[in-house]
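Survey of secondary and tertiary structure
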Amino acid sequence: MSEVDMTLTSAQPAEDHPLARMGTYESVDEILAVFRPAMHAMAAAVGPGCEVVLHDLSAPDVDLGHTIAAIENGHVTGREVGGPSSSLGAGVLHNQGAEHNAFGYRGFTADGRELRCSSVYFRNSAGRIIAALCINFDISTIQRLQSLLQGLLPPAASDSPSSRTSSSAGTSWL
């Protein structure tokens, strides 16, 4: 099983997001019954580079090495049901009172691929976090395409041969 590193950077403020005002659930099974179809729909709509994970954080002493209750497109991070939480899990569980929902933050797979991530945490009626729904989109293909396209575009004006060389006609020919 692979460990995934999630780094909160440039996340949208959670308290401003509508999902921050979600209701409560009393069990992970209840959350699965409601969200499993949505997990499948999200993964199918975005495509094979989009992993959608539901983590079970309901045990009194959560083993972060075995939190995955459901997963779509697990090949993105190499995880499967029964697999580990990301590196954010421990911090969330140690600070139950804080609002941890985060949207559009940066994560990395064990092999270094960059992910764009969002996480929503579910609480029970006592306010304890019992589950997390996480969406992890592998942007490495987009980054490779961006690099390819940049290589195909002409260089910036300051880097072009015509900016370093001039001819009598004002045009440089190589």
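Residues numbered from 1 in each chain as written. Predicted model: local features only at pLDDT ≥ 70, side-chain atom pairs only at ≥ 80, totals over all residues. Heavy atoms only, no water.

**Section: the overall build of the protein**
A tally of helices and strands in the protein yields four helices and six strands. Going from N to C terminus, the protein has its helices and strands arranged as β-α-β-β-α-β-β-β-α-α. Expressed as a percentage of the 174 residues in the protein, the buried residues total 38%. When contacts within the protein are restricted to residue pairs at least 6 apart in sequence, those whose partners lie at least 24 apart make up 57%. (Helix = DSSP H or I, 4+ residues; strand = E, 2+ residues; numbered from the N terminus. Buried < 20%, exposed > 50% of the residue type's maximum accessible area, 1.4 Å probe, protein only. Contact = heavy atoms within 4.5 Å.)

**Let's talk about the nonpolar core**
Judged by nonpolar contacts, the single largest core of 15 residues is most densely connected at I31, L54, F122, A131 and L133. For this core, the secondary-structure elements that each account for two or more residues are α1 (28-46), β2 (50-56) and β6 (129-138). Not counting chain neighbours up to four residues away, the residues in contact with L133 comprise F35, M39, M42, V52, V53, L54, S118, S119, V120 and F122. Formed by eight residues, the second largest nonpolar core is a distinct cluster that contains V92, L93, Y121 and A132. (Core = buried A, V, L, I, M, F, W, Y, C linked by side-chain atoms within 4.5 Å.)

**Observations concerning the side chain of S140**
Topologically, S140 is positioned in helix α3 (residues 140-152). Looking at S140, its side chain comes within polar contact range of the side chain of D138, at 2.6 Å. Excluding residues that lie within four positions of it along the chain, S140 makes contacts with R113 and E114. (Polar contact = N/O pair within 3.5 Å; in protein donor to acceptor, adjacent residues only side chain to side chain.)

**Some thoughts on the pairing of strand β5 (residues 114-123)**
Two faces belong to every sheet, and in a regular strand the side chains alternate between them. In terms of residue burial, β5 counts as a mostly covered element, since eight of its 10 residues are buried. Where strand β4 (residues 102-108) and β5 come together, six bridges link them in antiparallel fashion. In the strand pairing of β5, A102 is matched with S119. Between the end of β4 and the start of β5, which pair antiparallel, lie five residues, with G112 showing a positive phi angle near 95°. By the bridge criterion, nine bridges tie β5 to β6 in an arrangement that is antiparallel. (Pairing = 2+ DSSP bridges.)

**Here's the deal with a nonpolar patch on the surface**
A surface patch of nonpolar side chains, about 430 Å² in accessible area, is lined by L145, L148, L149 and L152. The exposure class of L152 is exposed, given its relative accessible area of 65%. (Patch = residues over 30% accessible without salt bridge, like charges linked within 9 Å, V, L, I, M, F, W, Y side chains within 5 Å. Areas by Shrake-Rupley, 256 points an atom, 1.4 Å probe, with all protein chains shown as cover. Salt bridge = Lys/Arg side-chain N within 4 Å of Asp/Glu carboxyl O.)

**Structural notes on α1**
Along its length, α1 reaches its greatest deviation from straightness, about 50°, at F35, and the proline P37 lies no more than four positions downstream. Buried within α1 we find V28, I31, L32, F35, M39 and A43. The secondary structure elements touched by the buried residues of α1 are β2, β3 (68-72), β5 and β6. After α1 finishes, the residue G47 shows a positive phi value of roughly 115°. (Bend = angle between axes of the 7 residues up to and from the residue.)

Interpretation in functional terms is not warranted from these geometric data alone.
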